Amino acid sequence: MGHALRSPMVVWLTIAWVLLWGDLSIANVVSGALIGIVVTAVFPLPPIIFEGRVHPVAVARLLGWFVVELVVASVQVTALALRFGHQPRNAVVHVDLRSRSDLYLTITAELLTLVPGSMVIEVRRTTSTLYMHLLGVRDDSDVDRAKAHALAVEERVVRALASSTELAEFRRIRSAEVGGSPS
Amino acid sequence: MTLLLLLHLGLAALGPLVVRAMGRYAFLVLALAPATAFCWLLAQSSRVAQGGSVVEVVTWVPSLDLDLAFRLTTLQWVLALLVSGIGALVLAYCTWYFDGDAEGLGRFGLNFTGFAGAMLGLVLADDLLLLYVFWELTTVFSYLLIGHQTERRVDRRAALQALIVTTAGGLAMLVGLILIGDAAGTYRISEILAAPPTGAAVTAGVVLALVGAVSKSALIPFHFWLPGAMVAPTPVSAYLHAAAMVKAGVYLVALLAPAFADVGPWRPIVLGLGAATMALGGWHALRQTDLKLLLAHGTVSQLGFLVAIVGLGTRSAALAGVAMVVAHALFKASLFLVVGIIDRAAGTRDLRELSGLARSMPVVTATGLAAAASMAAIPPVAGFVAKESVFIAFLDVGVTPDGDGTGIGPVPAGIVLAALVAGSALTVAYTARFAWGAFAAKRDVPATEPVAVAANFVAAPALLSMLSVAVGFAGAAETALIEPYATAFPPGAHEPDLALWHGLEPALALSAAAVLGGLALFGLRGRVERLQARAVPLLDAGRTYHSLMRGLDRLAVEVTGTTQRGSLPIYLAVVLVVVVVLPGGALVFGSPWEVDLRAWDVPAQAAVGGLVAVAAVLAARARRRLKAVVLVGVTGYGTALLFLLHGAPDLALTQVLVETVTIVVFVLVMRRLPIYFSDRPLTSSRWGRLGIGVLVGTAFAGFVLAATSARTADPVSEDFAAEAVSFGGGRNIVNVILVDIRAWDTLGEISVLAVAATGVASMVFVHTRRAGIARPAEGPTIAARRRATGDDYRNTWLRGGRTLAPERRSIIFEVVTRLAFHTMIAFSLFLLFSGHNNPGGGFAGGLVAGLALMVRYLAAGRYELDEAAPVDAGLVLGLGLVVATGTGLMSLLFGGEVLQSAVIDVTVPLLGEIHLVTSIFFDIGVYLVVVGLMLDVLRSLGSGVDRQAAQNGDEEDEPAAREPEVVRGAG
Amino acid sequence: MTVVLWVCGAAFGSAAALAVWRMNQGPRMLDRMIAVDVLIAVVVGALGLEAAVNRHATTLPILVVLSLVGFVGAVSVARFAAGEARPPVPESEEGPL
Amino acid sequence: MTWDTAFDIASACCLVAGALLGLAAAIGLVRFPDLLSRMHAATKPQVLGLLLVVLGVGLRLRDPGAVGILVLVAAMQLLTTPVAAHMVGRAAYRTGQVREDLLRTDELTTALDPDDTGTA
Amino acid sequence: MTAASLVPLPVVLPLLGAGVALALGRWAHVQRAVSVVALSASVAIAAILLVSADSQGPLVVWIGGWPEPLGISLVADRLSALMLLVSATVTLAVLVYSLGQGVADGTRDTPLSIYHPTYLVLSAGVANAFLAGDLFNLFVGFEVLLAASYVLMTLTGTGERIRAGTTYVVVSLLSSLLFLTAIALVYAATGTVNLAQLSGRLADLPDGVSLVLQLLLLTTFSIKAAVFPLSAWLPDSYPTAPAPVTAVFAGLLTKVGVYAIIRTQTLLFPDSPLTDLLMWAALLTMIVGILGAVAQSEIKRMLSFTLVSHIGYMVFGVALATTSGLAGAIFYVVHHITIQTTLFLVAGLVERRGGSTSLNRLGGLATVSPILGVLFFVPAMNLGGIPPFSGFLGKAGLLQAGVAADRPLAYLLVAGGVVTSLLTLYAVAKAWNLAFWRAAPAEILEPAGTAPRGSADEPGPPPATPVALPAAMVAPTAGLVLVGVALSVVAGPLFGVADRAAVDLRERSPYVESVLPGGVP
Amino acid sequence: MNANLALVLTASVLVAAGVYLLLERSLTRVLIGILLISNGVNIAFLVAGGPAGGAPIVGVTEPARMSDSLPQAMVLTAIVITLGITAFLLAMAYRSWQLTGHDEVQDDVEDAAIRRLAVADAESRSYDDDDERAPMPEGRP
Ligand code: NA
Ligand code: NA
C-alpha cells in the first residue's frame, strides 16, 4: 500500500480523481487513491523508470515559455494561412537530441509538435534523433534556427525534470558536441 | 363407439409390431378390430331395427362445436356393418394374398386397420366436423395404401392424384359443412336433420358438401382418380375402392338427403352427375382388358347410380338406395377379391390372356359368377332386388304429378330413368365381359394354368357372394331393417318394399330391358370396341387433371419467379415503397391533420442541422469507403451537437463516444476491403434509389410533423424529476431511467451487446468465440531486437511494442499511451460512478475504458492488447450479464420486484455521508458488458484480422515468424 | 454574451463547413482525418461555448472524453489506412447527387 | 465593474479568440497545398484555440469543481493532440504523400533506408 | 412471492444463464447444463404463469417497483402466457436436439461457446417480446432476439450463410428502424410508450394520425411476421442456417411478429379501419406463399414458403377482428410454432440421413428409415391441415370465423384458406413422394456410419454424406412430434384458453385495468 | 405541441440519404445508410420530446425547464444497440470479403434458378406429374 502510494501514477490518478469530482474532500482523496491503486493493479504496465525529479521553477519557466511560443507561433501560422497568393516552402530536417531518455525525447517532441511551425514526423530512438517537418522555411538559416530551437526545447525539458546526474550527463554531451563539432 | 375406434387405433399402431412378430398371420389379429365392431353392431340390431339409436358424446373442442359425438341409427348401422364386416373379411383375406416376406407388410397392416377405424368413425359420426375428420383420414390412409409399392412411379402418382382430388373435394365439403353448421347454429348432425337450416348460405353449403361427396365417390368430373387407384394391392381396391371409402360420398348424400334433398341444386346435381357417371363409367368399363380396371370403371358407374338413387329424396328411393349400397358392397368386394385370387393364381388379370378358369378354378368361378349376377341384377340375388326397387322409385317420380314429392317434372324424370336403364344395360354388358373374360375358355387363347390357392384365400369372397345371394331372398327382413331410415322421408306414391317379385310391373320390364340390352351389347362387342376406338372421348377428366396440375406448377413457378426476386435491394425497396404508399398514403389522403411548427429552438440547431444534412448527402455520393465513413462520422458528431443543443448531455456524451468507436471499427475492417466501392453502372437504378430516398425522406418528415402536432397529452416523464430523486436516488434523470426506471430496457440492450460481441468473434474466429490470448515473452529474438533498438538500457513503455516491426513503432505514441492509459481507465470509472448524478454512466464509462484498450492496441499491436487485458472477452461479457441480472434477481430475494433498487445512506467516520444506490451494481454490469464488447471487437477485428493477414502474408511487417516468441496464454 | 455567441457560433460554423469541404475533397484519407481533427476541435469549442453561455458544467465530461479519445480516429487511419494508392478516377465522377 | 463582469468579459475575449483561431485552423486546412502544411495549420492554432476556450469556460463558470475538470481537459489535450499529428505526419511521409516540390530540404529520405532498423 | 413476481424470470433466467455460459465458455458441459436448466425453468414458470393468468386474470409487474405508469410493465395475460409456454417448450426441445447434434458432430455446426449464450439470449428476447407491456420495451425485446438471430443465422460463417444472413440482417435492421420511427411518432403524438396508457391516449388522436401510426406499426410487424409483400426475405434466409437454428427461427420468430400484430392491433387500434387491407394481405400471403412452396425442389425452402403462406392464416384471423377469428389465429399460432419447428428439425434429420434436402437427390427414406418416415409424415399431414391434427383444428376455427363474419371478402379468404390448405398438402405430399417413396439412391441405403467427429476449433461443413441418425436427435424430434399430436388431444382446453384470450383482447379492459388499476392517466 | 422544423428537415435529409445508400449492394454502403437513417430517427426522437430545455438533471435545471428525459433514454438505448449491430455487420462484411473478395450482397441462387424456369416456361424441378417429360433421374445423378 505504502509502496503503491509512492507510485507517481497513483498520485497522479488521485489528483485526477479529485479534479474530476471537483471537490477536495477526504472521501474523494481516499477513493481516488483507492481507484489509483486498483487501476494500476488491474492493468499493470511496465514501471516508469523516472530517475529525475521535478524542478518547480524550471517547470514553471518551461510552461511560461511554452505559452509564449504557442501564442507567437500560432499567430505566425495563422498569418501564413491567411496570406493569399503565398506558397510557403517547407523542409524536413533532423535533430540529434542529447538526452537518451524516452521521456524527455517524447516531451520534447510533443512540445515541438504543439508549437506551430514544426512537427515531429519521425523518431530514431537509438540516436535520439527527431525528424521535423518545418513550415514556412525561407532559407537555410531558418533550418538552422529550427534545429537550435529544438535543442533549446530539449534543454528546457531536461532542466525541468532531470536529476542532477542526468543533468550532468546532459551537460557533458552538450559540451562535447559543441566542442567536437564546430558546425 | 369411441372404444371401438380406439381399438382400431391401438391395433393399427401395433400393426408393425404384430406383423414383425407373426408375419402375415398378423392380419388375422388385426381383423379382430373390425370384427369386434361388427359383433357389437350386430348386438345393436334390434334396437336399431325398432328405430332406436345409440348415442355417445365425448367432449373434444367445445370452441369449435367439435365433439366426439357418435350416433348409430339405421343408415349408420347398415354402413357400419358393411365397413366392419367387409373390413374384417378383407383383412383376413390379406393373410393369404400377401407373401410372408413381402415388403412393407407392417405399414400395410397399420394403414389398413387405421383406415377401417377411420371409415367406421366416418359412418358413426354425429358431428359434421367429426365426420370431416374421419373423411380426411380415410383419404390419407387411402393415399398411403395406394402408394403401397412406393418405388413405382405410377403408384406414387396415382396415390397423389387420389389424395389431391379427394382432398380438394373434401375441403369444399368442409366449407360447405361449416356454412351449414354456422346457419344451423350447431354441428350436431342429428340436430341439423331435425331442424334443417335454410337460406342462401345453406344452399351454397349443401352444394359444396355435394362436391365433397362427388369427389370422394368418384363421380364426374372426379371419376378419373378411382381407376388410377387400382395400382393398389387388390385388398385395398376391394375394401377402399369398392366397399367402403368410395361409399363415403354415397353415405353423405344419403345422410343429408332427408334434410336437404329439396334444396334447389341438390337434385340436378345428384341426378345429373349420378346418371351421367353411371353411363360414362359403364361405357369405359366395356373397353377395359384388365379385370381390375374393368371393375373399377364399373364401380365408378355404380357409384353414380347409387348417388342418384340415395340423393333422389323419396322414401322409395331411400329404401332402394340403401339396399343397392348393401348389394354393391357385397358383390363388388367379392369380385375384387376374386380378381385378386385370379391375379395371384394365374399371374395376370388381362382378360385377353385368361382362359378356362371356370374349369380349373370352379369355386372361384362360382363365387365370381354369383357376385357378377348381383352386379348385373339378375334374379334372384341382392342386386336384382335392389335395382328393381330403384326402377320402381324412379317410375314413381315420373308418373306422379308432384314427382313423388320431389317436384321433378315427367320429362326430366324420364330422361334420368332412361339414363339409368341404359346404364344398367351397360352394367350387364360389362358384367358379361367380366364373366366371359375371367372364366370363359377362349378359342384362340391357351388355357390358363393357375397355381393352387389355399381354401382360406377363397373364403372371404365366397362368404360375400353367398351373402349376396342370401340377401336377395331376405327382402322383407331387409325392408324392415332399412325402413326406419326411409321413414325420414315423407311418404310417397306407395310404401316401398324389397322383394324378388313385385308382380308384372313396369319396373320388371325395365329390368328385363336392361339385361337384354346389356347382353346385346356384349354380343356385339366387336362392333362396340371399334366404335369406342373411334369415339373422341367426350370428357377426359384425367387429362384435364394433369393439365390443371401442370398449370398449377407453371403458375407457381411464374408467381414465384416474379415475387421472389432473390435481391436484397428489391426487398428493401418493396418495404420502403409500402411505407410510402400505406402510412404515407394515409397521411396524404387520410383525414386532415394540422401542422404546428417552429423554425428552431436555437438558431444553432439550423446551422448544425444544415451541416449534418450536407455531410449526409456527401456520404451518399462518396465512392471511397473511408470517405463515406468519415462523412457519416460528421453526421454523428453533428447529431451529438444537436443532442446537446436540445438539452441532452448524456446523449451527446454517448453519441460522441459511439461515433469515435464506430470510426475506428470501420477503419479496422476497411483496411482489408477494397478502397473504392465498385461501380454500379445502371444509372436508371440510381435514379430509382434517389427517388425512393426522397419519397421516404419526405414521408418521414410528414410523419414527424403530423405526429408531433397532434400531441395534446402531457408526457409520462413529467413526474420523473421528483421520482428520480426520491425513489431512484439519483439526480441525473436519464441515468436513473437507464439503470432504474427502465433498467429492463437496458438489460435487453446489454444482452444485444453481448450477442453482437459474440457474433463479431464468430465472424472472425468462426468456430469459437475465444481468441487465443498471447502475451509477449522474453524470447531470444526479442532480446536481439532490444539490443538493436537500445531497449536494454531504456525504459520499456509498452511490452507489446517490442513485438512490432520497428517501422510500425512510434515511441511517442507508446510513451503517451503509457502515461494516459490509467487516466483513461480512471476517467471511465469516474463516468460510471458519477453517472447517477451527472452525465455519464455505465455505457459511457465502458466505452471510454474500451477506447483505452483500443489505444493500447493501436500503440503497440495485438500482443499489447492481450497484455492490457489478458482475459477472454467472453468472461467480461458474461460477468457483466451476471452482475446485471444478479442485481435484478437479488431485489427479488429481498422481497421487491425484479431490478428494484434501494438507497442506502450511511455516515462513515472521516469520509462523511456515503450515498449508495444499489442500481450502481446494475450499471457496473453494463460497464463490464460494454468493455467486453470492445475487447471482443478489438480481439476479432483488430488482432484476429492482423493474425489472418499475417498468415496470408498480406502484411510484410507482421511476419508469422514472430508467433513462436510469445506464450499462448490462458484467458 | 449574445454577441460572443454569434461571433463564436459563426466562426465555429464556418470552420466546420471548411472542414467538411476538406473532408469531401481529400484527396487522401489523411487529409480527411486532419479535417476530422479540426471538426472535433470545433465540437469541443462549441461545447465549451455552450457551457460558458448557459453557465452549466454538465457537458464538461464530454470535453474530457474528446480530449482523451478524440485523436483515436486519426491515429487509427494513420496506422492502418494510410498506405493507399492514388485515386484511380477523379473524385468528381460521382453519383447523381 | 464587478469582478463578475470582469471575468465575464475576459471569458468572452478568450472564447472569441479561441473561436477565431479555430476558424484560422480551418482556413489553413483548406488553403495549404499539401498534407503536412495542412497539419501545421490544423494542429497549431487549434491547440491554442482550445486552450483559450477552456480558459474562457473556466472564467465564466468560476466553479472550482468545473475548473478541475477543465485543467484535466487542457492537460489531456496537450498530451494527445501531438500524438495524432505525429502519427499522421509520419504516415504521410512514409506513404509518400509529401510533396517533394514544396520541400527545401529533406533529411529523412536517406534515413529511411530499408536496411536501417534504427528508427522507432 | 406471488405468481406476478415470476413474470420477469423467463427473461432474466436465460440471460443469467447466457452470462454464465459466456463467462465459463471453456467448459462445454457447464454451458449445456446451464442452458438446459435455464430453459427448463422457463418452461415451468411459463406453465405457472399460464395457469395463473387463466384463473386470476393478467399478471402485471412494474419492473423495479416504480409507480405506474412511470416504469416498464411486464404483462402475462392469457395470450402472452400461452405464447410464452409454447415458445419455451419448443425452445427447450430444439436445445436438446442441438445438444444431440453437438454430441454426434462434436459441435462443428453449433460451436458451443457461441451457440449456447446466443441461444439463451434468443429465448430471453422472445420471452421479453411476449411479456412487454411497453412499446419501446417490445422494441428492445425484438432487438434482443434479432441480434441473437443474426449470430445464429450466420453461425460458422460459410459463404451461403453470409449471403443469406446479409439479406436477413439488413431487412431486419430496416424493420427495426421502422419500429423505432413508429415509437418516436407514437411518443411524439401521445407522450407515452406504455401500451395500456396508449390504448387510452391513441383514441384521442385525430384519425389520420392514428392511422399513420397504425400502418407504420403494422408494416413493421408484417416484415417480422413475413406478410406479403414483405415476406420475400424469409425463404431466402432461413433455410441456410443450421437445422436447429432454422427450426427455432421458423417456429418462433415470425410468430413474435404475429403476436405483436395481434397485441397492437387489438389493444391500441380497436375498431380498425384496416380490416380489408389485412384481409387482402392475408389472402396474398397465403396464395403467393404456397405457390412458392409448390415451385420449390428443396425441402427446407419448401417449408419456408409454407411458413410464409400459413402466416396468412393468422393474419386472416386477426383481420376478422372477431373473437372467434382471434381465437382461431391464436390457436393457429400455437399449432404453427410447434409444427414448423418440428418439420425443420425433421429436415435436419433428413439432411443427415439423406445427405441432402434436395428433392432431386433424395429417395427411399421411408424404406431405409421408417422412423424418419413417421417423424416427417405426421407433422407434414398436420401442416397440411389433415384432421384430427391441430392444423385442421386451427384452420376449422378460422374458417368458422370467416363464415361467421359473413362478408364477401371473408368468404374469399375462406376459399383462399382451403386452396392454401390443399396446396400445402400437395407440396408436402410431393416431397414425401420423392424423398420418402422414390427408390433410394445407393449411398442412402448404406449410411457411412456416424459422422466424423470434429472439434470445436475445426472448421468443416455439415456432413454431406448420408449418416445414420443419432438417437439424441431423434428423441427430441419425436418428442415434438408427440407434442404436436398432443395439441389435438388437449385442443379443448387449449382452444378454451385461446377463446378466453380472444375475449380479453376484444374487451381490452382486462389488460388495461390490470396494468393501470387506477385508471388510464 | 409544435415541431422543430430545423430538426425535422435534418432528420429527413439523413433518412433520404440513408435510404439511397441502403438500396446499394455493398454491405458497407448499406451499413452507412443504416447509420444515417439511425441518426435521423434519433433526431426525430428529439422532436418527439418537445421543446429544447436544460439538461434533465435535478439541481442543475428547474424541472419545468428540463428537456424531456424519456426520449433521451430511449435514444441512448437505440444508439448503443446500433453500435453493437454495426460492429457485427462490419465483421460480416469482413467475412464476406474473406470469402468472396468483396462485400457485395449477391442474389439468391435458388430464386435465380426458379426465375430461369419461369423465363423458360418450364415446370418446377420437383414436378412429378407429367408423362411427356423424361422421367426424373431416380436418385442421385
Ligand atoms: Na431499480
Ligand atoms: Na444510432
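Residues numbered from 1 in each chain as written. Chains lettered and ligands numbered in written order. Predicted model: local features only at pLDDT ≥ 70, side-chain atom pairs only at ≥ 80, totals over all residues. Heavy atoms only, no water.

This brings us to the overall build of chain B. Across its full length, chain B carries 38 helices and 7 strands. On the principal axes, the C-alpha backbone points of chain B span a range of 130 × 70 × 65 Å. The buried share of chain B, reckoned over its 971 residues, is 67%. In chain B, the share of contacts with a sequence separation of at least 24, taken over all contacts with a separation of at least 6, comes to 78%. (Helix = DSSP H or I, 4+ residues; strand = E, 2+ residues; numbered from the N terminus. Buried < 20%, exposed > 50% of the residue type's maximum accessible area, 1.4 Å probe, protein only. Contact = heavy atoms within 4.5 Å.)

Each side of the interface is counted separately: chain D has 10 residues, and chain B has 11 residues. Between chain D and chain B, a total of about 1,100 Å² is buried, with carbon and sulfur atoms accounting for 74% of that surface. There are 0 salt bridges connecting chain D and chain B. Across the side of chain D that touches chain B, the residue classes break down as 5 nonpolar, 3 polar and 2 charged. (Buried area = accessible area lost by both parts, 1.4 Å probe. Salt bridge = Lys/Arg side-chain N within 4 Å of Asp/Glu carboxyl O. Nonpolar A, V, L, I, M, F, W, Y, C, P; charged D, E, K, R; others polar.)

Accessible area lost during the coming together of the parts is what is often quoted as the interface size. Counting residues at the interface gives 133 residues for chain E and 115 residues for chain B. Interface area, chain E with chain B, both sides summed: about 10,200 Å², of which 75% is carbon and sulfur. Here chain E and chain B share 2 salt bridges between them. Note that E:Lys430 is salt-bridged to B:Asp553, the shortest N-O span being 3.9 Å.

Here the focus is the coordination of the sodium ion (ligand 2). Residue and element names in this part refer to chain F. All of the protein donors around the sodium ion (ligand 2) are Ser38 (OG) and Asn42 (ND2); their distances to the metal are 2.3 to 3.1 Å. Here asparagine 42 and serine 38 lie together in helix 2 (residues 27-48), a separation of 4 residues that amounts to about one turn. Per residue, the accessibility class of serine 38 equals that of asparagine 42, and both read buried. (Donors = N, O, S within 2.8 Å, 3.2 Å for Na, K, Ca; no water.)

Moving on, we come to the coordination of the sodium ion (ligand 1). All names here are of chain B. Binding of the sodium ion (ligand 1) to the protein goes through Asp740 (OD) and Leu899 (O), at separations of 2.0 to 2.1 Å. In this pair, aspartate 740 is assigned in helix 32 (residues 733-741) and leucine 899 in the loop between helix 37 (873-893) and strand 5 (903-908), connecting sequence segments 159 residues apart. The same class applies to aspartate 740 as to leucine 899, namely buried.

On to the side chain of F:Ser67. Structurally, the position occupied by F:Ser67 is in the loop between helix 2 and helix 3 (69-100). Overall, F:Ser67 belongs to the buried group, its relative accessible area being 3%. Side-chain polar atoms of F:Ser67 contact the side chain of F:Gln72, separated by 2.8 Å. Beyond its immediate stretch of four places on either side in the chain, F:Ser67 contacts B:His646, B:Gly647, F:Pro51, F:Gly53, F:Gly54, F:Pro56 and F:Gln72. (Polar contact = N/O pair within 3.5 Å; in protein donor to acceptor, adjacent residues only side chain to side chain.)

Another aspect to go through is the arrangement of the chains. Across the 9 pairs of chains in contact, the largest number of contacts is found between chains B and E. Contact between chain D and chain E is absent, and the least distance between their C-alpha atoms amounts to 33 Å. These two, chain D and chain F, are apart from each other, with no contact and a minimum C-alpha gap of 13 Å.

This paragraph deals with the environment of D:Ala12. Turning to its location among the elements, D:Ala12 is positioned in helix 1 (residues 3-31). Separated by 48 residues in sequence, D:Ala12 and D:Arg60 place their C-alpha atoms 8.2 Å apart. Once residues within four sequence positions are removed from consideration, D:Ala12 is found in contact with C:Met1 and C:Val4.

Tallying each qualifying case throughout the model produces 49 salt bridges over all chains. Notably, a salt bridge pairs A:Arg159 with A:Glu155, separated by 2.6 Å at the nearest N-O pair. Of this pair, A:Arg159 and A:Glu155 both sit in helix 6 (residues 140-161), 4 residues apart, which is roughly one turn of that helix. Classification of A:Arg159 as partly exposed rests on a relative accessible area of 34%. What makes A:Glu155 buried here is its relative accessible area of 15%. Of the charged contacts in the structure, one is a salt bridge between F:Arg25 and F:Asp107, with a shortest N-O distance of 3.1 Å. Of the two residues, F:Arg25 is situated in the loop between helix 1 (5-22) and helix 2 and F:Asp107 in the loop between helix 3 and helix 4 (109-119); the sequence distance between them amounts to 82 residues.

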